[in-house]
Amino acid sequence: MSKFSQENVLSVHHWTDNLFSFTTTRNPSFCFRSGEFTMIGRKVDEKPLLRAYSLASAHYENRLEFFSIKTPDGPLTSRLQHLKEGDEIIVSRKATGTLVIDNLEDGRNLYLIGTGTGLAPFLSVIKDPETYLRFENVVLLHGCRRVAELAYGEMITEKLPRDELVGDFARYQLIYYPTVTRDRFYNRGRATDLIVSGKLFADIELPELEPQHDRVMICGSPGLVRDARELLVAKGFVEGNQGKPAQFVFEKELAERNRFVFGEGGT
């Protein structure tokens, strides 16, 4: 267990019947880059039951935050959804992942496209001053089925613009675009459909995607990742990875890690 630290749960928030988030203490030696994930879990029969989770907290915060679905029969999420303040949780001492701006070439606009809990790594990215120093505009496109599932909206639109560190950046450079598919809402439609139709760009008053100036990160459902990749490749975008920056990236290692561990997906 030397590769892991024991952390205590500081708070738990249930967004809906299917979504919750929680914060924990942070080992001072644990370092990560905005957008990365780590392995977390609990002990079951004295053995660690682990799953990969994106870090929703900023890399400079003294606590860790995670955003999760509730899976009644999930080996780990069925346990995590009952966490209470003071409970212990296992956190890996190592973080990794492809959703970091170092894996992108310099550009004008950064698009963060996520569905559901795929929002998690982007919460870390939009809290990082470096993100705004690298790009002129940061567009956060978050798609869900229901309005109630648009978690963190208040934090993004009200708290972040008042933040002492990134508030000025967020007020002038961050564009938040929530959208749903099943409820009445001022933005409706699948993320990729909004891109293809051009409605997204008309609404936010930016030119349509093109590889010379735009960079893209993708995280969410397999359908979103598949459709968004196909869309970008068709437009001439090149996929980046560790050590070879390019024009778009998506998180594939996290999903593969979860399938390898015990077949429970998520972010």
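Residues numbered from 1 in each chain as written. Predicted model: local features only at pLDDT ≥ 70, side-chain atom pairs only at ≥ 80, totals over all residues. Heavy atoms only, no water.

## So, the overall build of the chain
Assigned secondary structure in the chain consists of nine helices and eleven strands. Taking 18 Å as the expected radius of gyration for a compact globule of 267 residues, we find that the chain reaches 18 Å, a close match to that expectation. Viewed in the frame of its principal axes, the chain has a C-alpha envelope of about 55 × 40 × 40 Å. Burial analysis of the chain (267 residues in total) assigns 55% to the buried set. Contacts spanning at least 24 positions in sequence make up 72% of the contacts within the chain whose residues lie at least 6 apart. (Helix = DSSP H or I, 4+ residues; strand = E, 2+ residues; numbered from the N terminus. Rg over C-alpha atoms; globule rule 2.2 N^0.38 Å. Buried < 20%, exposed > 50% of the residue type's maximum accessible area, 1.4 Å probe, protein only. Contact = heavy atoms within 4.5 Å.)

## Remarks on the confidence of the model for the chain
With 94% of its residues at a pLDDT of 70 or more, the chain has an overall mean of 94. Between residues 260-266, whose pLDDT stays under 50, and residues either more than four places distant or in other chains, the model counts 22 contacts. (pLDDT = per-residue confidence, 0-100.)

## What to know about the sheet that holds strand β8 (residues 137-144)
One open sheet accounts for five strands, arranged β9-β8-β7-β10-β11; its pairing is parallel. A strand with exactly one partner marks an edge of an open sheet, and here the two such strands are β9 (174-180) and β11 (248-250). In this sheet, adjacent strand axes meet at a mean angle of 15 degrees when their direction is disregarded. By the bridge criterion, three bridges tie strand β10 (residues 214-219) to β11 in an arrangement that is parallel. Across the sheet, the residue bridging to Val 216 is Phe 248, located in β11. On top of the sheet, helix α8 (residues 222-234) reaches β7 (109-115), β10 and β11; it is set at about 160 degrees to β10, its chief contact. (Pairing = 2+ DSSP bridges. Axes fitted to C-alpha atoms, helices over the stretch in contact; angles between N-to-C directions.)

## Some points on the sheet that holds strand β1 (residues 4-14)
Strand order across the open sheet formed by six strands is β4-β3-β6-β1-β2-β5, with antiparallel pairing between neighbours. Of all strands in the sheet, those bounded by a partner on one side alone are β4 (47-54) and β5 (63-69). Each strand axis lies, on average, 40 degrees off the axis of its neighbour in the sheet, ignoring direction.

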